[in-house]
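# Coordinate inspection notes
What follows is the residue order along each chain.
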Amino acid sequence: MSDPFVALLMLGLFIVFIFFGFPIAFTMMAMGMGFGFYAYYMPDQLIWDNRILYLFTQNTFSVMNNDVLISIPLFLFMGYIIERANILDRLFLSLQVGLRGVPGSMAVAALVTCTLFATATGIVGAVVALMGLIALPAMLKAGYDEKLASGVITAGGTLGILIPPSILLIVYAATASVSVVKMYAAAIIPGFTLAALYLIYIIVRATLNPSLCPKPKDVYDYSVWESIVMVLKAFVPLAVLIMSVLGSILFGLATPSEAAAMGVLGGIILAIVYRAFTWQRLRESVYLTARTSAMVCFLFVGSATFASVFGYLGGENLVKDFMLALNLSPLQFLLLSQFLIFILGWPLEWSEIIIIFVPIFLPLLPLYGIDPILFGILIAVNLQTAFLTPPMAMSAYYLKGVAPKSLQLNTIFSGCMPFVYIILFTLAMTYVFPAMVTYLPEVFFDQSVEMERDPNDESVVNPDFFKQQ
């Protein structure tokens with residue numbers, strides 16, 4: 001059996017094992033080590049002298065020594081601290097009162113709360129679960145349509161993996177060896193465009209069919225001045241914290257790690273101000289941060305070992321030759337790759353897709369003249385669907401876990417689907433108008449996003465890019 005076919009066997013067995021439910025990170029390590037012993041085997045060499053052992057230790061050291069990954073535990077810690085500051089209920093109530101004149105005010109308030117909280121924490125499950133406990137019962141009690149109410153919460157809670165400061169963008173930047181800061185700048189327009197389209201959809205539906213979103217009566221018990229004070233107390237501090245962290249990164253005042261550290265300090269101060277800071281909550285935040293960070297590091301170590309052996313066996317060249325033999329245009333390649341990622345989003349978490357499968361596509365990007373940052377943003381938008389589409393739809397399951405028993409899972413799935421269509425529309429917009437991604441990096445850094453392509457080829461930044469093929 002030739003080495004490239006051994007590489008395909010390695011990939012095939014890995015996919016089989018993860019569908020059986022084996023832990024992803026340790027499966028990659030085991031597959032990398034096992035096939036690595038075969039790949040680096042020398043007859044006159046002792047087993048413990050096999051080079052795969054050296055490769056594994058070097059990959060482990062490289063991952064733990066990666067400066068880009070330092071910001072991950074800091075942003076996670078900031079998110080867990082804010083999550084435990086008990087400001088979500090105040091935030092939702094203040095926005096609900098402040099937006100009472102808007103059609104579908106409770107749904108709009110829920111979406112804005114989800115977006116802001118998801119941006120601050122980046123933890124999809126926590127946002128959806130907390131909003132399911134706070135906002136969903138209130139909307140159902142007010143007579144809101146079950147599908148619309150559940151769809152708003154699941155879609156809004158998922159925005160945290162796209163809008164900076166997003167952990168997904170940091171992981172992609174480390175995987176693709178691109179700038180985290182430029183990834184953040186590139187994600188702002190697509191992320192807030194998606195959130196704005198959600199808002200427009202809710203307001204239009206509430207206007208056309210007011211019975212879906214009855215106006216709650218208790219919000220009119222507050223005067224205009226009281227509503228302003230409530231918004232200033234609940235909304236403004238968190239918004240200022242997020243904008244300070246993000247602004248310091250984009251304007252070059254701090255690195256992502258430094259900004260994340262200041263975000264942690266800001267989160268602790270917020271928790272103290274809201275009288276929600278306790279040593280027990282601090283200990284829980286530290287524990288959850290360590291557990292999640294360890295998972296990400298193990299995934300990187302396993303992925304690096306697996307990819308090294310896979311490439312040494314010739315698997316990377318086999319995939320590249322296969323894709324080139326298809327004679328695809330850049331548009332066709334993007335559509336194919338995004339479709340595969342869309343399918344992979346059903347059984348896999350976003351971290352596994354970014355760390356395991358995205359590296360297969362990265363070496364092909366220069367061949368098609370595609371900007372790796374544009375490719376990363378397309379993936380981040382695409383992976384919004386992974387949390388909302390059955391059979392997995394993790395956001396739907398998070399919500400079902402805390403929702404009233406009368407709310408069926410099929411109802412939640414149905415509520416997610418309009419938002420999935422909006423995501424796909426946003427994805428198409430990003431394909432057609434790549435300036436949505438490239439504009440802010442150019443503005444903030446006074447230069448074009450780095451691209452491995454022919455300098456005379458303007459296809460990536462030119463909106464007519466796809467018409468030229």
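Residues numbered from 1 in each chain as written. Predicted model: local features only at pLDDT ≥ 70, side-chain atom pairs only at ≥ 80, totals over all residues. Heavy atoms only, no water.

### What to know about the overall build of the protein chain
Helix and strand counts for the protein chain stand at 21 helices and 0 strands. Relative to the compact-globule value of 23 Å for 469 residues, the protein chain shows a C-alpha radius of gyration of 23 Å, a close match. Across the 469 residues of the protein chain, 54% fall into the buried class. Intrachain contacts of the protein chain at a sequence separation of at least 6 include 79% that bridge at least 24 residues. For the protein chain, the exposed surface amounts to about 20,200 Å²; the carbon and sulfur share of it is 68%. (Helix = DSSP H or I, 4+ residues; strand = E, 2+ residues; numbered from the N terminus. Rg over C-alpha atoms; globule rule 2.2 N^0.38 Å. Buried < 20%, exposed > 50% of the residue type's maximum accessible area, 1.4 Å probe, protein only. Contact = heavy atoms within 4.5 Å. Areas by Shrake-Rupley, 256 points an atom, 1.4 Å probe, with all protein chains shown as cover.)

### Focus: a nonpolar patch on the surface
A surface patch of nonpolar side chains, about 540 Å² in accessible area, is lined by Leu9, Leu13, Val16, Phe17, Phe20 and Phe22. Structurally, Leu13 is set in helix H1 (residues 3–19). Since its relative accessible area comes to 31%, Leu13 is described here as partly exposed. (Patch = residues over 30% accessible without salt bridge, like charges linked within 9 Å, V, L, I, M, F, W, Y side chains within 5 Å. Salt bridge = Lys/Arg side-chain N within 4 Å of Asp/Glu carboxyl O.)

### As for the layout of surface pockets
In this structure, the largest pocket spans a volume of roughly 650 Å³. Taken together, 28 residues line the largest pocket, and the ones lying closest to its centre are Tyr80, Ile123, Thr292, Met295 and Glu349. Of all the secondary-structure elements, those providing two or more residues to the lining of the largest pocket are helix H2 (24–39), helix H4 (71–83), helix H7 (124–141), helix H9 (167–176), helix H13 (279–312) and helix H16 (350–361). With 7 residues, the single largest contributor to the lining of the largest pocket is H13. A per-class count over the lining of the largest pocket returns 19 nonpolar, 5 polar and 4 charged. Forming the walls of the second largest pocket are 27 residues, and the residues nearest its centre are Thr175, Ser303, Ala307, Ile355 and Pro359. Elements supplying a minimum of two residues to the lining of the second largest pocket: helix H3 (51–64), H9, H13, helix H14 (315–325) and H16. No other element matches the 7 residues that H13 contributes to the lining of the second largest pocket. (1 Å grid on protein atoms, 1.4 Å probe; cavity = no way out; pocket = protein on both sides within 12 Å on 5 of 7 lines; lining within 4 Å. Points joined across faces, edges and corners; volume = space filled by probe spheres on them. Nonpolar A, V, L, I, M, F, W, Y, C, P; charged D, E, K, R; others polar.)

### Quick look at the side chain of Gln96
You can see Gln96 is positioned in helix H5 (residues 88–98). If near-sequence neighbours (up to four positions away) are discounted, Gln96 is found in contact with Met106, Ala109, Pro216, Asp218 and Val219.

### Here's the deal with the packing of helix H15 (residues 330–344) against helix H18 (residues 372–382)
In the contact formed by H15 and H18, the axes pass within 10 Å of each other and the chain directions differ by 40°. For the pair H15 and H18, the sense of crossing is right-handed. Of H18, the residues touching H15 (which contributes Phe333, Leu334, Ser337, Gln338, Ile341 and Phe342) are Phe375, Leu378, Ile379 and Asn382. For the contact of H15 with H18, a count of residues per class yields 7 nonpolar, 3 polar and no charged. (Axes fitted to C-alpha atoms, helices over the stretch in contact; angles between N-to-C directions. Left-handed = near helix turned anticlockwise from the far one by under 90°.)

### Some words on helix H21 (residues 435–445)
Every buried residue of H21 is accounted for by Met436, Val437, Thr438, Leu440 and Pro441. Elements that come into contact with the buried residues of H21 comprise helix H10 (180–208), H18 and helix H20 (409–432).

### Considerations on empty space enclosed by the protein
By the definition in use, this model includes 1 cavity of 30 Å³ or more. By volume, the largest cavity is sized at about 50 Å³. Around the largest cavity, the lining residues are Tyr80, Ile81, Arg84, Ala85, Ala271, Ala276, Phe277, Thr278, Arg281, Leu282 and Ser285. Listed by contribution, the elements that provide at least two residues to the lining of the largest cavity are H4 and H13. If one sorts the elements of the lining of the largest cavity by residue count, H13 sits on top with 3 residues. Of the residues belonging to the lining of the largest cavity, the class tally is 7 nonpolar, 2 polar and 2 charged.

### As for the packing of aromatic side chains
Scanning the entire structure with this criterion turns up 15 aromatic pairs. On the numbers, 6.4 Å between centres and 70° between planes, the contact of Phe333 with Phe361 is edge-to-face. Taken together, the residues span a long stretch of sequence, with Phe333 in helix H15 and Phe361 in helix H16 at a distance of 28 residues. An aromatic cluster is built from Phe333, Phe361, Tyr368 and Phe375, whose rings are joined through pairwise contacts. (Phe/Tyr/Trp six-rings, centres within 6.5 Å; stacked < 30°, edge-to-face > 60°.)

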